[in-house]
Each structure stands twice: as structure tokens, then as C-alpha cells.
Amino acid sequence: MFTLHDYALASEAEAQAILGISGNEDKLRFLINASTDFIEKACNRRFKSTSYTGATAELRSGDGNKSIFLKNYPVTALTQLELNETFGNESNWNVIDAADYFFDEESGIVDFVYSTTKGHNNYRVAYTGGYTTIPSDLKMACIWLVGEAFKRSGSIGIKSESLGDHSLVFDASLMSDGGNPVTKTINRYRRMVLPGYE
């Protein structure tokens, strides 16, 4: 029995309605999870609104410029921004005054009024990022992948599949057509990684 990821891009009911499939909820949950993971990995970001606080707060590196780039945008709330000014394994996190920076909700870019301190993972950001309502094109891209995998019954288009560890790997041939809806959507939502950033 599979449980749908809490960050899934679609529900089994939505997949059933759009694909005209009845039943098969367990298989659909598995395929939705795999399709969601595939799209998120290709886009290098999480789409469902999620809070990154405490142990999951995002670490970013200062490079001497005036900006840092958060991974999971849009950003709906930035609750705390900290700087670790110590080196080595020591941790000395200091809260940065909100008057010293501002952020763009849509892009997830945090701009400082001064240059960032150079260091590796020396900025820690607690924030909420992602969509409260998944955009329809992302939802459809996920369901398109589910439909392709469902109708191909684990053969063409699927490189490997394993129900035991809940994994499924799509073959590159499924994405070779640059005009298919998944490729177009991924290209629209892909987070570009700048040199020196992850």
C-alpha cells in the first residue's frame, strides 16, 4: 500500500478524472510519487508550499555579492535570516536585522544592503517556500507522466521500476520530444544554478 507524498503534484482522484481511469489507486499513488520526484529533480526545487525551519532551514553561501538565492520559491514568508561568522566547525549564528535585507517573493532572491560575508553555508534561512496551489501546468505535466507510465505498463519509457523501495526511473526516450508537455513545463520551472551555487 503506497501513501501519496505530502508534496505530490497531483492526487489520485485528479489523475483518475483526467486520464479516465477507475480504481488502481495504489498504482496511481506510486506513479504520482515517482512523477513528482522526477519533475522536482529535473527542476532542482520543491513546488508544494513547505516550511524550512530548525533542522530543515536552508543553508546558503555568501560570495561577497549582495544577494543569496533560495532554492524553493516563490517565498511566502521569511521568518529568520542568520549569519555564522566563525570558521571551521564552530557555530555562532547571529540573527540579521530585517532592515538589512529584503527579498523578492516570486524569485526567492534575498538582497542585502551590504555585501555578503564570504563563506561556505554561512547563511541560514528559515522560510516558507513553494505554491499553496500547484499551478495547473505542473499538475498536468505530472499527470501526463503518470498516464504514459500507466498505459505503457512498465515497458517503453520506463528504465527501471521497483515496488519494494518505491522507486521508478523514467527513460530519457520518454523526454526526447522537446515539444511534449513535460519538457516544456520543466524548461519553464527549472531553477537555474549559478556557478558556485547548488
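Computed from a predicted structure; not experimentally measured.

Conventions adopted
Residues numbered from 1 in each chain as written. Predicted model: local features only at pLDDT ≥ 70, side-chain atom pairs only at ≥ 80, totals over all residues. Heavy atoms only, no water. Core = buried A, V, L, I, M, F, W, Y, C linked by side-chain atoms within 4.5 Å. Buried < 20%, exposed > 50% of the residue type's maximum accessible area, 1.4 Å probe, protein only. Helix = DSSP H or I, 4+ residues; strand = E, 2+ residues; numbered from the N terminus. Contact = heavy atoms within 4.5 Å. Salt bridge = Lys/Arg side-chain N within 4 Å of Asp/Glu carboxyl O. Pairing = 2+ DSSP bridges. Axes fitted to C-alpha atoms, helices over the stretch in contact; angles between N-to-C directions. Phe/Tyr/Trp six-rings, centres within 6.5 Å; stacked < 30°, edge-to-face > 60°. Lys NZ or Arg CZ within 6 Å of the ring centre and 35° of its normal.

A.B. asks: Would you explain the nonpolar core in this entry?
C.D. replies: Among soluble globular proteins, nonpolar side chains are generally buried collectively. Membership of the largest hydrophobic core comes to 26 residues, with the highest contact counts inside it found for I39, F47 and L138. Those elements giving two or more residues to this core turn out to be α2 (25-43), α3 (136-152) and α4 (181-189). When residues in this core are grouped by element, the largest group, 8 residues, is from α3. For F47, the contacting residues outside a window of four places in its chain are L9, I39, E40, G130, Y131, I134, L138 and Y189. Counting 14 residues, the second-largest nonpolar core is a separate cluster that includes L70, L81, V110 and Y127.

A.B. asks: Even after reading the chapter, I still don't get the pattern of salt bridges, so can you show me in this structure?
C.D. replies: Applying the stated criterion to the full structure yields 7 salt bridges. A salt bridge links R29 to E12; its shortest N-O distance comes to 2.9 Å. You can see R29 sitting in helix α2 and its partner E12 sitting in helix α1 (residues 12-19), a full 17 residues away along the chain. In this pair, the class of R29 matches that of E12, namely buried.

A.B. asks: It is not clear to me how the sheet that holds strand β3 (residues 67-69) should be interpreted in this structure. Could you clarify?
C.D. replies: Taken together, the 3 strands give an open sheet; going across it, the order is β3-β7-β6, and neighbouring strands pair in antiparallel fashion. Sheet topology places β3 and β6 (101-104) at the edges, where each strand pairs with a single neighbour. Here the strands of the sheet are splayed against their neighbours by 20 degrees on average, with no regard to which way each runs. The pairing of β3 with strand β7 (residues 109-112) spans 3 bridges and is classified as antiparallel. Paired with F69 across the bridge in β7 is I109.

A.B. asks: Even after reading the chapter, I still don't get the pairing of strand β4 (residues 75-84), so can you show me in this structure?
C.D. replies: When a strand is regular, its side chains alternate between the sheet's two faces. Where β4 lies against strand β8 (residues 119-129), 7 bridges are found, and the strand directions are antiparallel. Bridge pairing links A77 to T128 in β8. Note: β4 against strand β5 (residues 93-95), 3 bridges, orientation antiparallel. Bridge assignment links N84 to a residue of β5, and that residue is W93.

A.B. asks: For this particular structure, what's the right way to read the packing of aromatic side chains?
C.D. replies: Any aromatic ring pair is given by two values, namely how distant the centres are and how the planes are angled relative to each other. Under the counting rule described, the total for this entry stands at 7 aromatic pairs. Summarising the aromatic geometry, the rings of F112 and Y114 are spaced 5.8 Å apart at their centres and angled 35 degrees between planes, so their arrangement reads as tilted. Measuring from centroid to centroid gives 6.4 Å for Y131 and Y189, while their planes differ by 80 degrees, and the two rings are edge-to-face. In this pair, Y131 is assigned in the loop between β8 and α3 and Y189 in helix α4, connecting sequence segments 58 residues apart. Taken as a pair, Y131 and Y189 share a single burial class, namely buried. Put simply, the rings of Y101, F112, Y114 and Y123 pair up and form one aromatic cluster. Taking the ring centre of F150 as reference, the NZ or CZ of K27 above it sits at 4.8 Å. It is R45 that lies over the ring of Y73; its NZ or CZ is 3.8 Å from the centre.

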